[in-house]
Amino acid sequence: MDASVVMLVFAIVAAYLMWFNTMIRPLKGPRVWPLLGSLPGLIENSNMHDWIAENLRACGGTYQTCIAAVPFLARKQGLVTVTCDPKNLEHILKVRFDNYPKGPNWQGVFHDLLGEGIFNSDGDKWKFQRKTAALEFTTRTLRQVMARWVSRAIKLRFCPILKTTQLEGKPVDLQDLLLRLTFDNICGLAFGKDPETLSPGFPENQFASAFDRATEATLKRFILPEMIWKLKKWLKLGMEVSLSERVGHVDKYLTSVINTRKIELISQQNGGGGVPNDDLLSRFMKKKESYFDQFLQHVALNFIQAGHDTSSVALSWFFWLVTKNPIVEEKILIEICTVITQIFGKI
């Protein structure tokens, strides 16, 4: 090999190592490897949540790591900050929310599924949707509508399923039940239709399946550099094919829901009767402004995305923690009994 080529390779490697050492010096999180970043540690630890929790404890509640230790990519999409500090969360989500836009990389990843909905927008578009939703759903009305959907699902489906499995002596996947429960409820709240995924036998629902698979395929885009997943999308390769198909199923389902709701609203306005719908989609459609169907679809989808997994995962962890802390469980039961007694005492 020519000496000049050897020197060039040596210079490139040396320059990279100098850059790499400079980049990782301020990082306090898990070990960052050349080129691969922190991915080896993530792959090595099968329980991602425990691994992240250990890193947070070791770093005082906040750490920064690099997923792709490659020049130009690291700062653009590889550098990640992880925090569980309540003050940091309040600063990001409330106090200085405007300082933390999602940015074009995030929006590009989610655009096929969520468009320019509230979960995937910044600035004026986000403020408009947030303001409209807040005006249409006050805290009181939101609780009332949610209470109706949740009470019905728990009474008619969730509790009977738990009782049946208990009598049969079969184990139950509580997280799966809670995922189905929250999905049915959030769909009812978003567009007034219950997909009934939480039913005896756990039937397959095409919309629920398509939405979950589309979300999974969308999240996998974060693993790849932007140019790679865009190339795969253009060439119709891998998960991009599945994403396109699933998004098509979701579009078809919501188009049918929107058209049905339009017919119902027209009938009600013309004195045709029927029970007025109080879901988020109907509230947007009843406004004087004329919204495109695509916008209405994105409103519903973003609402589902924001409230589905978050609620079910929080409930799953809550029940797991309760089972590990019997003293806390006893206190919760005492408080519930006290509240119920007070309510029925007043009645």
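Note that this is a predicted model, so its numbers are computed, not measured.

**A closer look at the overall build of the protein chain**
Looking only at helices and strands, one finds 15 helices and two strands in the protein chain. Its C-alpha atoms give the protein chain principal-axis dimensions of roughly 90 × 55 × 45 Å. Expressed as a percentage of its 347 residues, the buried residues of the protein chain come to 31%. Across the protein chain, every contact between residues at least 6 apart in sequence was considered, and the portion connecting residues at least 24 apart equals 60%. As displayed, the protein chain offers around 22,300 Å² of accessible surface, 63% of which is attributable to carbon and sulfur atoms. Put simply, the protein chain has 42 plus and 34 minus side-chain charges, and the middle of one group is 4 Å from the middle of the other.

**A closer look at helix 12 (residues 239-269)**
With 31 residues, helix 12 extends 44 Å from end C-alpha to end C-alpha; this agrees with the ideal 45 Å at 1.5 Å per step. Burial in helix 12 covers these residues: Glu240, Ser242, Leu243, Val247, Val250, Tyr253, Leu254, Val257, Ile258, Arg261 and Leu265. Among the structural elements, helix 6 (103-114), helix 9 (174-191), helix 10 (206-219), helix 11 (226-235), helix 13 (280-285) and helix 14 (293-324) are those in contact with the buried residues of helix 12. Where helix 12 ends, the next residue or the one after it, Gly271, has phi of about 80°, a positive value.

**Quick word on the packing of helix 9 against helix 10**
Two elements in contact, helix 9 and helix 10, have axes separated by 12 Å at closest approach and are oriented at 100°. Classified by the angle between their axes, helix 9 and helix 10 sit roughly perpendicular to one another. For the pair helix 9 and helix 10, the contacting residues are Phe183, Cys187 and Phe191 in the first and Phe207, Ala208 and Phe211 in the second. Residue composition of the contact of helix 9 with helix 10, by class: six nonpolar, no polar and no charged.

**Quick look at the packing of helix 10 against helix 12**
Running from N to C, helix 10 and helix 12 point in directions that differ by 140°, and their axes come no closer than 8 Å. Between helix 10 and helix 12, the crossing angle belongs to the class labelled oblique. In terms of crossing hand, the pair formed by helix 10 and helix 12 is left-handed. Together, Gln206, Phe207, Ala210, Phe211, Arg213, Ala214, Ala217 and Thr218 of helix 10 and Met239, Leu243, Arg246, Val247, His249, Val250, Tyr253 and Leu254 of helix 12 make up the contact between the two elements. A breakdown of the residues in the contact of helix 10 with helix 12 according to their chemical character gives 11 nonpolar, three polar and two charged.

**Topic: the nonpolar core**
Judged by nonpolar contacts, the single largest core of 37 residues is most densely connected at Phe191, Phe207 and Ile304. Elements represented by at least two residues in this core include exactly helix 6, helix 8 (139-168), helix 9, helix 10, helix 12, helix 13 and helix 14. Looking at which element gives the most residues to this core, the answer is helix 12, with eight residues. Residues contacting Ile304, with those up to four places away along its chain left out, are Phe183, Ile186, Cys187, Ala190, Phe191, Phe207 and Phe211.

**Observations concerning the side chain of Gln305**
Note that Gln305 resides in helix 14. Look at Gln305 and you get buried, because its relative accessible area is 11%. Polar side-chain contacts of Gln305 include one of 3.4 Å to the side chain of Thr215. Setting aside residues up to four positions removed in sequence, Gln305 forms contacts with Leu113, Leu114, Phe119, Phe211 and Thr215.

**Quick look at the UniProt feature "transmembrane region" (unreviewed entry) in the protein chain**
UniProt records the feature "transmembrane region" (unreviewed entry) at residues 6-24, using the numbering of this structure. Taken end to end, residues 6-24 has its terminal C-alpha atoms 27 Å apart, with 100% of it in helix and 0% in strand.

What counts, and where the lines are drawn
Here the residue numbers are simple positions, counted from 1 along each chain's written sequence. Owing to the predicted nature of the model, reporting of local features is limited to residues with pLDDT of at least 70; listing and counting of side-chain atom pairs is limited to 80 or more, with chain, interface and lining totals taken over all residues. Only hydrogens and water are removed before side-chain values are computed, so all heavy atoms of the structure are retained for them. A helix here means a DSSP run of H or I that spans at least four residues, while a strand means a run of E at least two residues long, and both kinds are numbered starting from the N terminus. Only protein chains enter the accessibility calculation, which uses a 1.4 Å probe. A residue is then buried if its area is under 20% of the maximum for its type, exposed if over 50%, and partly exposed in between. Contacts are assigned to residue pairs that have any heavy atoms within 4.5 Å of one another. All accessible areas in this document rest on Shrake-Rupley with a 1.4 Å probe, and a residue is counted as covered only by the protein chains that are shown. Charge convention: Lys and Arg are scored as positive, Asp and Glu as negative, and His as well as the terminal groups of each chain are ignored. By convention, charge coordinates are those of NZ in Lys, CZ in Arg, CG in Asp, or CD in Glu. To estimate how far a helix should reach, multiply one less than its number of residues by 1.5 Å. Under this scheme, a helix contributes an axis fitted over its contacting stretch, all axes are lines through C-alpha atoms, and angles between N-to-C directions fall in the 0 to 180 degree range. In this scheme, roughly parallel covers angles under 35 degrees and roughly antiparallel covers those over 145, while 65 to 115 is roughly perpendicular and the rest are oblique. The residue classification treats Ala, Val, Leu, Ile, Met, Phe, Trp, Tyr, Cys and Pro as nonpolar and Asp, Glu, Lys and Arg as charged. All others, Gly included, are polar. The crossing is said to be left-handed when, going from far helix to near helix, the turn is anticlockwise and less than a right angle, and right-handed when the turn is clockwise. What we call a nonpolar core is a set of buried Ala, Val, Leu, Ile, Met, Phe, Trp, Tyr and Cys residues that are connected through their side-chain atoms within 4.5 Å. Nitrogen and oxygen atoms within 3.5 Å of one another constitute a polar contact, given that in protein one can donate a hydrogen and the other can accept it, and given that sequence-neighbouring residues count only through two side-chain atoms. UniProt positions are given in the numbering used here, feature names are shortened, and annotations may be inferred rather than shown by experiment.

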